[in-house]
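Overview (structure and organization)
Each chain is listed here by its residues.
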Amino acid sequence: MDKFVIKGGTKLLGRVRASGAKNAAVAVLPAVLIADGPCIIENLPMVSDVAVILDILTVLGADVQFIDKCSVRIDATGALSGKVPVDMARGIRAAYYFLGALLSRERRASVPMPGGDDIGPRPIDQHLKIFTALGCECDVEYGIVSVKAKGELSGARVFFDIVTVGATINAMLAAVKTPGQTTLENVAKEPHIVDVANFLNSLGADIRGAGTDVIKIRGVDYLHGGTYSIIPDQIETGTFMAAAAATGGDVLITGVIPKHLESVTDKIRMIGATVEEYDDSIRVKGASGIKPTNIKTMPYPGFPTDMQPLMTALLSRAKGTSVVTESIWDSRFKYVEELRRMGANIQVDGKVAIIEGVSRLTGASVRVPDIRAGAALIIAALAAYGDSEIEDICHIERGYEDIVEKLKGLGADIERGYIPEETLMQAF
Ligand code: EPU
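The structure presented is a predicted model; accordingly, all values stated were derived computationally and were not measured.

This brings us to the pairing of strand E7 (residues 136-141). Judged from the 6 bridges that link them, E7 and strand E8 (residues 144-149) form a sheet pairing that is antiparallel. Note that in E8 the partner of Cys-138 across the bridge is Val-147.

Right under this line is the structure:
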């Protein structure tokens, strides 16, 4: 098993290019199943969640061929022969997109209950609400979610009870070829919602309003193939912004869409760092001290929950008290225990963390509970005095492409190490 070994205390300096957005890629790839021609998807991040989605497509019977490191040609126009394997679906949340995509294509779908990060209950009632409204029977039995058209599917009007990224995207996948108009209200507005709509529209779909509260979809009979490039990853970009600020560094992140990061940029400025925005890059210059601030996570364009652990790590060294409130997930502060090993002074009460900034963090051996928590522990280790060892890095590699190489390129002292099997056995 691998680990990251980090010697802290180096300012990050230089430029780094953002990869494609993981959460857009894991939705666009299943959407290829609905196309009536082959598709080329470019700017894919080479992370393990994307690899799992490509594996599922292959198991289902699609022809998946890499063109280069970040581009893949997928021909799913032949008959599908396989099922979504339980072990693959349990590893990633985004497996639920195969429900919407297969339903659209086959008028039925059976997908094992998706897994993903352990950050709180992850129900799929809103996904089932839209499938039911379009005319499906839905069942969850023996760990399998099954949806099946009762007769002809037809467009519907649905008001989501809560703002959900996954159900908004699944609704677009399910409705894109459903006859009539589907109107989705109280939808999520994240950049990857717009990216999925743009992808489908580039193939001939009629989806309007993505990025606002209301999406209207007029079902079409046919979607041709095409070439599409995934948007840059705003959370990876935000991670490098936080890392630059935490180490007092100076980092230019290129190939990004600054508009997607407005709420993050605002908070990074409030803690005292300088942020310069250009057409497709962002430069962050850290200050000598970090000012405290308060953060509440909200659906886009509010402050993203996926940046919450990173800002908590950053604020753990602020001069004063910060309050971070998580309003999307029920238990997204599990990593705080690991930050405390590094000397952070953070009290968690339910969905609120009160952070008393300390003058220094110290290196420690820590374990990663989930993807963004892992990135937060990297940031803390980069800013800490001494050496840290970060274990369970498989979570980080679900969503961060070439993280070691990218950080090394900015001057970080980070190496990939190996934990011998005997050591692991002793731990149990
Ligand atoms: N929810 C329901 N019912 C549903 C769906 C969601 O109650 O049917 C609740 C959830 O329990 C949660 C809230 O609604 O409390 C928001 O969930 P959402 O559906 O928006 O989340 P998701 O689609 O499961 C995606 C990202 C997450 C990110 C959230 C919020 C992917 C694959 N995952 O999850 O990303 O935190 O949106 O922005 O797109 C990450 O990348 O680290 C990550 C966890």
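Right, let's get into helix H12 (residues 371-383). The α-helix advances 3.6 residues per turn, and as a result positions three or four apart in sequence lie on the same side. Given a rise of 1.5 Å per residue, 13 residues ought to cover 18 Å, and the 19 Å separating the end C-alpha atoms of H12 matches this to within 8%. Across the 13 residues of H12, 13 count as buried, placing the element largely inside the fold.

What follows deals with the site of the ligand. Of all residues adjacent to the ligand, which total 24 residues, the nearest are Tyr-96, Gln-126, Val-165, Asp-306 and Ile-328. Measuring from an oxygen atom of the ligand, one finds a side-chain N or O atom of Asn-23 at 3.1 Å. Protein chains shield 90% of the accessible area of the ligand, which is 830 Å² for the free molecule. Mapped onto the shell around the ligand, the elements with two or more residues apiece are helix H1 (22-31), helix H5 (125-134), helix H6 (165-175) and H12. The biggest single contributor to the shell around the ligand is H5, with 3 residues. Residues that form the shell around the ligand fall into these classes: 10 nonpolar, 6 polar and 8 charged. Residue assignment places the shell around the ligand across two domains, with domain 1 (2-19 + 232-299 + 306-427) and domain 2 (22-218) each supplying three or more.

Another point: the side chain of Gln-126. Within the fold, Gln-126 resides in helix H5. A polar side-chain atom of Gln-126 sits 3.0 Å from the main-chain amide nitrogen of Asp-161. Here Gln-126 is in contact with Phe-160, Asp-161, Ile-162, Thr-164 and Ala-167, once residues within four sequence places are set aside.

On to the sheet that holds strand E19 (residues 345-349), then. Across a sheet, paired strands are connected by hydrogen bonds in the backbone, their directions being either parallel or antiparallel. Read from one edge of the open sheet, 4 strands run E17-E18-E20-E19, paired in mixed fashion. The sheet is open, and its two edges are formed by strand E17 (295-296) and E19, each paired on a single side. Looking at chain direction, strand E18 (residues 321-325) and strand E20 (residues 352-356) are connected through 5 bridges and run antiparallel. When the sheet's bridge partners are listed, Thr-321 is paired in E20 with Glu-356.

Attention shifts here to the environment of Phe-131. By secondary structure assignment, the location of Phe-131 is in helix H5. For Phe-131, a relative accessible area of 0% puts it in the buried group. C-alpha of Phe-131 to C-alpha of Gly-8: the two residues are 123 residues apart in sequence and 49 Å apart in space. Aside from chain neighbours lying at most four places away, what touches Phe-131 is Leu-99, Gly-100, Leu-103, Cys-136, Cys-138, Val-147, Asn-170 and Ala-174.

Conventions and cut-offs
Residues numbered from 1 in each chain as written. Predicted model: local features only at pLDDT ≥ 70, side-chain atom pairs only at ≥ 80, totals over all residues. Heavy atoms only, no water. Pairing = 2+ DSSP bridges. Helix = DSSP H or I, 4+ residues; strand = E, 2+ residues; numbered from the N terminus. Expected span 1.5 Å × (residues − 1). Buried < 20%, exposed > 50% of the residue type's maximum accessible area, 1.4 Å probe, protein only. Near = heavy atom within 4 Å. Polar contact = N/O pair within 3.5 Å; in protein donor to acceptor, adjacent residues only side chain to side chain. Areas by Shrake-Rupley, 256 points an atom, 1.4 Å probe, with all protein chains shown as cover. Nonpolar A, V, L, I, M, F, W, Y, C, P; charged D, E, K, R; others polar. Domains from an automatic or database assignment. Contact = heavy atoms within 4.5 Å.

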